[in-house]
Amino acid sequence: MTRFSAVLVGPKTPGNIGAVARCLANFNGDELVLVNPRCDITSRSYSRARKGDRFLENRRVVSSLDALSDYNALLATTGLLGGPGNLRRQPVDSSSLASVLPSGSSRVGLVFGREDVGLENDEIERCDHVVHIPASSRFPVMNLSHAACIVLYEAYLAVKDWSGDERHPSREEKQAFLSLFRDVLESVDDETVTNPDEIVLAMRRLLVRGDVNVVELGGLFKFFRRVQSDL
């Protein structure tokens, strides 16, 4: 079954962390991850967490999103939409979360940005897809814990009836393939390959949206290694 976690980047409010822990308990979350937190866990965190205090006690603290290579997918959340040419900020609505979640046995991190400035572009680029909560254009940016509650709820609805033991590739395995894919792109003598970064990002999203398993990824590895050897 798909397990999902809340990944908070640079949180600065102890109460918000506690409220997200409570939401994890509400919606069968797997883990609370803090990336470079700007505050400590306090009594306020525990008072907001209620039955989610176990997530505070077992929290995982890391220095960057790159430390989460054991996850199968990371989905960034953003309140800021990009224009048609900004691929990194082209999101799916939270209500369509199921369309970008891998099924079967996998771990998914739902990544939430800082209370004041959200996620930076390079952090979004480290994620596999972007999720957006539709809100009023006059005030589209939500409180961290409120946004987390909505996205965790949508994730719960998306996966609660899924089952199966098919193994999906880890982020580390997918990154190894994407490195090979980039090498092939950069070796192609073709004027149409003008922006390898965007092509690699598109391939990363296809891997998630296509729900690729380890056997299928192995087939892609073999094909692109053959292409590489023929260049």
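Residues numbered from 1 in each chain as written. Predicted model: local features only at pLDDT ≥ 70, side-chain atom pairs only at ≥ 80, totals over all residues. Heavy atoms only, no water.

Looking at the environment of alanine 19
Inclusion rule: Counting from the N terminus, the helices are the DSSP runs of H or I reaching at least four residues and the strands are the DSSP runs of E reaching at least two. Should any heavy atoms of two residues lie within 4.5 Å, those residues are considered in contact.
Looking at the secondary structure, you find alanine 19 in helix α1 (residues 14–26). The contacts of alanine 19, once residues within four sequence positions are left out, are Arg48 and Ser145.

Quick look at the pairing of strand β4 (residues 73–77)
Note the cut-off: Using a 1.4 Å probe on the protein chains alone, a residue whose accessible area is under 20% of its type maximum counts as buried, one over 50% counts as exposed, and one in between counts as partly exposed. Pairing between strands is defined by DSSP: at least two bridges between them are needed.
The element β4 is extensively covered by neighbouring structure, given that five of its five residues are classed as buried. Side chains of β4 alternate between two faces, with Ala73, Leu75 and Thr77 and Leu74 and Ala76 buried alike. Summarising the sheet, β4 and strand β6 (residues 106–112) pair through four bridges and their orientation is parallel. For alanine 76, the partnering residue across the bridge sits in β6 and is valine 111. Sheet topology places β4 next to strand β7 (residues 129–132); three bridges connect them, and they run parallel. By the bridge assignment, leucine 75 is partnered in β7 with histidine 129.

Observations regarding the packing of aromatic side chains
For any pair of aromatic rings, the description rests on two quantities: the centre-to-centre distance and the angle between the ring planes. Counted only if it meets this: Here a pair means two rings of Phe, Tyr or Trp (six-membered ring of Trp) with centres within 6.5 Å. Their orientation is stacked below 30 degrees between planes, edge-to-face above 60, and tilted elsewhere. Definition used: whenever NZ (Lys) or CZ (Arg) falls within 6 Å of the ring centre and also within 35 degrees of the ring normal, the charge is taken to sit over that ring.
For the coordinates displayed, the defined rule picks out seven aromatic pairs. Aromatic side chains phenylalanine 27 and tyrosine 156 sit 5.9 Å apart centroid to centroid with 45 degrees between the ring planes, which places their arrangement in the tilted category. Within this pair, whereas phenylalanine 27 is found in the loop between α1 and β2 (32–35), its partner tyrosine 156 is found in helix α5 (residues 144–159), the two being separated by 129 residues in sequence. Its relative accessible area of 26% is what places tyrosine 156 among the partly exposed residues. Here the aromatic cluster, defined as three or more aromatic residues joined through ring pairs, consists of Phe177, Phe181, Phe221, Phe223 and Phe224. Taking the ring centre of tyrosine 71 as reference, the NZ or CZ of arginine 107 above it sits at 4.3 Å.

Overview of the nonpolar core
To keep things clear, this is the line we draw: Nine residue types can take part in a nonpolar core, namely buried Ala, Val, Leu, Ile, Met, Phe, Trp, Tyr and Cys, and a core is a set of them joined through side-chain atoms within 4.5 Å.
Counting residues in each nonpolar core, the largest one holds 35 residues, and the members touching the most others are Leu8, Leu32, Leu75, Leu97, Leu110, Phe112 and Leu152. If we skip the residues at most four places from it in the chain, leucine 152 touches Phe4, Val20, Cys23, Leu24, Phe27 and Leu110. If you look at the next biggest cluster of nonpolar residues, it comprises 15 residues, including Val9, Val35, Leu74 and Leu119.

Considering empty space enclosed by the protein
Note the threshold: Cavities and pockets are found on a 1 Å grid laid over the protein atoms alone: a cavity is a set of points where a 1.4 Å probe fits but cannot escape, a pocket is an open set with protein on both sides within 12 Å along at least five of seven lines, and a lining residue has an atom within 4 Å of such a point. Grid points are joined across faces, edges and corners, and a volume is the space filled by probe spheres set on the points. Amino acids are sorted into nonpolar (Ala, Val, Leu, Ile, Met, Phe, Trp, Tyr, Cys and Pro), charged (Asp, Glu, Lys and Arg) and polar (every other residue, Gly among them).
Evaluation of the coordinates by the stated rule reveals one cavity of 30 Å³ or more. Empty space within the largest cavity amounts to approximately 60 Å³. Along its surface, the largest cavity is lined by Asn72, Pro102, His168, Pro169, Lys174, Leu207, Val208, Asp211 and Val212. Looking at the lining of the largest cavity residue by residue, the classes come out as five nonpolar, two polar and two charged.

Purely geometric stuff here, so don't read any function into it on its own.
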